[in-house]
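The primary structure of each chain is shown beneath.
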Amino acid sequence: MVFSSLVFLCIFLPVNLFLYFISKNKTWRNWVLIISSLVFYAWGEPVWITAMIFSTLLSYISALIIEKFRGTGTAKVFLVLSVAVNLLILGTFKYSGFIIENINALLGIGLRKPEISLPIGISFYSFQIISYIVDVYRGEVEAQKSFTKLLLFVSLFHQLVAGPIVRYSDIAAQIEDRKVTPEGFSEGVSRFIIGLGKKVLIANTAGELAVNFLGTDYEKLPVTGAWLGILLYAFQIYFDFSGYSDMAIGLGRMYGFTYKENFDYPYISKSATEFWRRWHISLSSFFRDYVYIPLGGNRRHLARNLLIVWFLTGLWHGASWNFIIWGIYYFVLIYAEKLFFRKVLERIPRVFSHLYLILAVLVGWVFFYHTDISQALRFLGVMFGNASAFTSSEVSLTFRSNAIFLIIAAVASTPLAKKAFEAIKKSFQGNRARVAFLDNVFRPAVNILILVLSLAFLVGQSYNPFLYFRF
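Everything quoted here is computed from the prediction, not taken from an experiment.

(A) How the structure looks around unusual backbone geometry. You will see that H280, though not glycine, has its phi angle at about 45 degrees, which is positive. Take H280: it is sitting in the loop between α10 (272–278) and α11 (281–295). The backbone of H301 shows a phi angle near 55 degrees, a positive value even though the residue is not glycine. Mapping H301 onto the fold places it in the loop between α11 and α12 (302–317).

As structure tokens, this is what we get:
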């Protein structure tokens with residue numbers, strides 16, 4: 001089940017909200033969330049819910065033992081055991097086929113690849129569980145004494161299948177006690193609708209247009225077609241994933257949970273380093289706190305530490321060499337920026353540093369999209385002039401027909417609309433009626449319009465799952 005489906009929007013969510021708010025007891029509300037989350041997760045593949053429950057149970061027991069024997073060898077043993085088993089489960093489901101495929105290619109043998117489907121969201125909830133057990137070992141949080149409350153943390157359907165990666169320390173108090181205010185619920189609904197609009201109106205549209213240029217016959221693809229195609233894919237993946245994060249954050253607010261932001265307008269960045277402070281913030285902070293800093297961070301072995309982090313970042317996104325190359329590509333960019341390039345970027349006009357970042361990101365998305373490296377290199381060749389033609393009537397027609405959409409997507413990738421609204425609201429501060437109109441009439445009207453348009457689009461669109469579900 002996905003948030004941008006009519007089943008979720010018209011049946012699952014209304015029923016779940018109704019059951020949640022008629023349950024006055026905190027314990028019953030937790031059970032409503034647990035049961036509905038398990039149903040949500042099991043909707044597509046019920047068998048793999050057992051893997052999530054097993055990982056949660058193992059970590060629950062391990063955390064209690066670690067807390068009881070903190071500072072001893074026993075605590076370290078159970079830390080290693082819990083982390084290793086969770087990584088083994090993740091590795092078995094996600095990387096066993098990739099490993100066997102490469103062994104076969106390297107040794108020329110014919111080991112059989114296991115036919116195992118990838119449980120949705122396993123990369124996200126595995127990291128959440130690992131962060132919990134490590135934080136308990138470090139003494140940063142207390143071990144959860146209730147298994148059902150820990151299961152609630154892991155299984156919350158708001159962020160279970162595609163993040164953001166929520167740390168236990170961020171919502172531990174809210175698991176125990178949370179309040180839903182009218183203002184908070186309203187903010188949650190608004191945030192959810194904005195995310196839905198990002199996904200349905202922009203990401204899906206960009207994806208439908210992008211397939212006309214990506215994955216086609218690159219011998220016939222013109223230069224402008226390659227640039228337009230990868231630009232559309234950049235819009236698709238950003239609005240797809242940030243839209244999901246918005247919906248997850250909004251849903252959390254509707255139920256009394258506050259999740260941290262996962263995106264901060266990454267396409268306005270002026271360097272690769274800044275881009276990754278703004279893109280998928282929860283993943284970046286996870287690798288920073290649990291890999292990069294423990295390895296030594298900036299203090300020692302900088303190149304090694306960065307290489308490990310970006311190799312793992314690429315590998316986390318998928319069991320394919322293109323993702324590893326994509327991760328190492330960012331290692332090269334960020335390492336170069338740390339050594340000397342950052343000073344150059346700070347001195348040149350902002351427009352040039354921004355253009356550098358956009359170019360770097362678009363080249364990176366080429367590797368991210370193409371699992372076939374030779375196809376990625378061929379596509380890059382087309383982008384930079386090794387093509388049969390510079391443009392074509394198809395590209396011109398697509399561009400002209402969708403110029404308004406491209407402008408909307410570009411503007412929505414920046415904080416311009418948000419800043420404009422805040423500026424208008426600020427100019428009305430002396431007039432309460434106008435401020436009330438903006439908050440109580442204009443904003444709800446925009447949200448209703450986005451919701452109606454999204455529902456109308458969903459009725460006519462084919463199934464289009466979130467891109468990050470496969471990670």
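(B) Region of the structure containing the packing of α12 against helix α13 (residues 321–347). Packing of α12 against α13 brings their axes to within 7 Å, and their N-to-C directions diverge by 150 degrees. The angle between the axes of α12 and α13 places the two elements in the roughly antiparallel class. Regarding α12 and α13, the two cross each other, and that crossing is right-handed. Residues L302, A303, L306, L307, W310, F311, T313, G314, L315 and H317 of α12 form the contact with α13, whose participating residues are F323, I324, W326, G327, I328, Y330, F331, I334, Y335 and K338. For the contact of α12 with α13, a count of residues per class yields 15 nonpolar, four polar and one charged.

(C) Spotlight on the domain arrangement of the chain. Taken as a whole, the chain is organised into domain 1 (6–178) and domain 2 (184–403). Using only C-alpha atoms to locate each centre, domain 1 and domain 2 end up separated by 26 Å. Between domain 1 and domain 2, the contact holds 37 residues from the first and 34 residues from the second. Three residues stand out in domain 1 for area buried against domain 2, namely F98, H158 and P164, and they jointly supply 21% of the buried area on that side. In this assembly, domain 1 and domain 2 are joined by two salt bridges. In this structure, R167 and D289 form a salt bridge, with 2.8 Å as the shortest nitrogen-oxygen distance. For the pair domain 1 and domain 2, the number of links is 14 residue pairs in polar contact (both at pLDDT 80 or more). Going through the elements one at a time, α1 (6–22), α4 (73–107), α5 (122–138) and α7 (168–176) are the ones with two or more residues in the side of domain 1 that touches domain 2. For the side of domain 1 that touches domain 2, the class distribution of residues is 23 nonpolar, eight polar and six charged.

(D) Representation of the packing of aromatic side chains in the model. This structure, assessed with the given rule, holds 61 aromatic pairs. Seen in terms of ring centroids, W279 and W365 are 5.2 Å apart; in terms of plane orientation they differ by 55 degrees. Their pairing is tilted. You can see W279 sitting in the loop between α10 and α11 and its partner W365 sitting in helix α14 (residues 350–369), a full 86 residues away along the chain. Comparing W279 with W365 shows no difference in burial state: the two are buried. Between the aromatic rings of W326 and W365, the centroid separation amounts to 6.0 Å while the plane-to-plane angle is 20 degrees, which identifies the pairing as stacked. Note that W326 is positioned in helix α13 and W365 in helix α14, a separation of 39 residues in sequence. By relative accessible area, W326 is classed as buried at 1%. Classification of W365 as buried rests on a relative accessible area of 1%. The ring of Y20 has R29 lying over it, and the distance from NZ or CZ to the ring centre is 4.8 Å.

(E) View of a nonpolar patch on the surface. A surface patch of nonpolar side chains, about 1100 Å² in accessible area, is lined by V7, I11, V15, F18, L19, I22, W28, W31, I35, V39 and W43. If you list the elements that add at least two residues to the nonpolar patch, you get α1 and α2 (26–42). It is α1 that provides the largest number of residues to the nonpolar patch, a total of six residues. Here I11 lies in helix α1.

(F) Structural detail: the packing of helix α3 (residues 49–68) against α4. Where α3 meets α4, the closest approach of the two axes is 8 Å, and the angle between their N-to-C directions is 170 degrees. Taken together, α3 and α4 sit at an angle that is classed as roughly antiparallel. The chirality of how α3 crosses α4 is left-handed. Along the contact surface, α3 presents A51, F54, S55, L58, S59, S62, I65 and I66, while α4 presents T74, A75, F78, L79, S82, V85, N86, I89 and F93.

(G) Broad picture of the pattern of salt bridges. Here the structure, examined in full by the defined rule, presents 17 salt bridges. Across the pair K26 and D177 runs a salt bridge whose closest N-O atoms are separated by 4.0 Å. With K26 in helix α2 and D177 in the loop between α7 and α8 (182–210), this pair connects stretches of sequence that are 151 residues apart. By sharing partners, the salt bridges in this structure join R191, K198, D246 and E261 into a single network.

What counts, and where the lines are drawn
Residues numbered from 1 in each chain as written. Predicted model: local features only at pLDDT ≥ 70, side-chain atom pairs only at ≥ 80, totals over all residues. Heavy atoms only, no water. Helix = DSSP H or I, 4+ residues; strand = E, 2+ residues; numbered from the N terminus. Axes fitted to C-alpha atoms, helices over the stretch in contact; angles between N-to-C directions. Parallel < 35°, antiparallel > 145°, perpendicular 65-115°, else oblique. Left-handed = near helix turned anticlockwise from the far one by under 90°. Contact = heavy atoms within 4.5 Å. Nonpolar A, V, L, I, M, F, W, Y, C, P; charged D, E, K, R; others polar. Domains from an automatic or database assignment. Buried area = accessible area lost by both parts, 1.4 Å probe. Salt bridge = Lys/Arg side-chain N within 4 Å of Asp/Glu carboxyl O. Polar contact = N/O pair within 3.5 Å; in protein donor to acceptor, adjacent residues only side chain to side chain. Phe/Tyr/Trp six-rings, centres within 6.5 Å; stacked < 30°, edge-to-face > 60°. Buried < 20%, exposed > 50% of the residue type's maximum accessible area, 1.4 Å probe, protein only. Lys NZ or Arg CZ within 6 Å of the ring centre and 35° of its normal. Patch = residues over 30% accessible without salt bridge, like charges linked within 9 Å, V, L, I, M, F, W, Y side chains within 5 Å. Areas by Shrake-Rupley, 256 points an atom, 1.4 Å probe, with all protein chains shown as cover.

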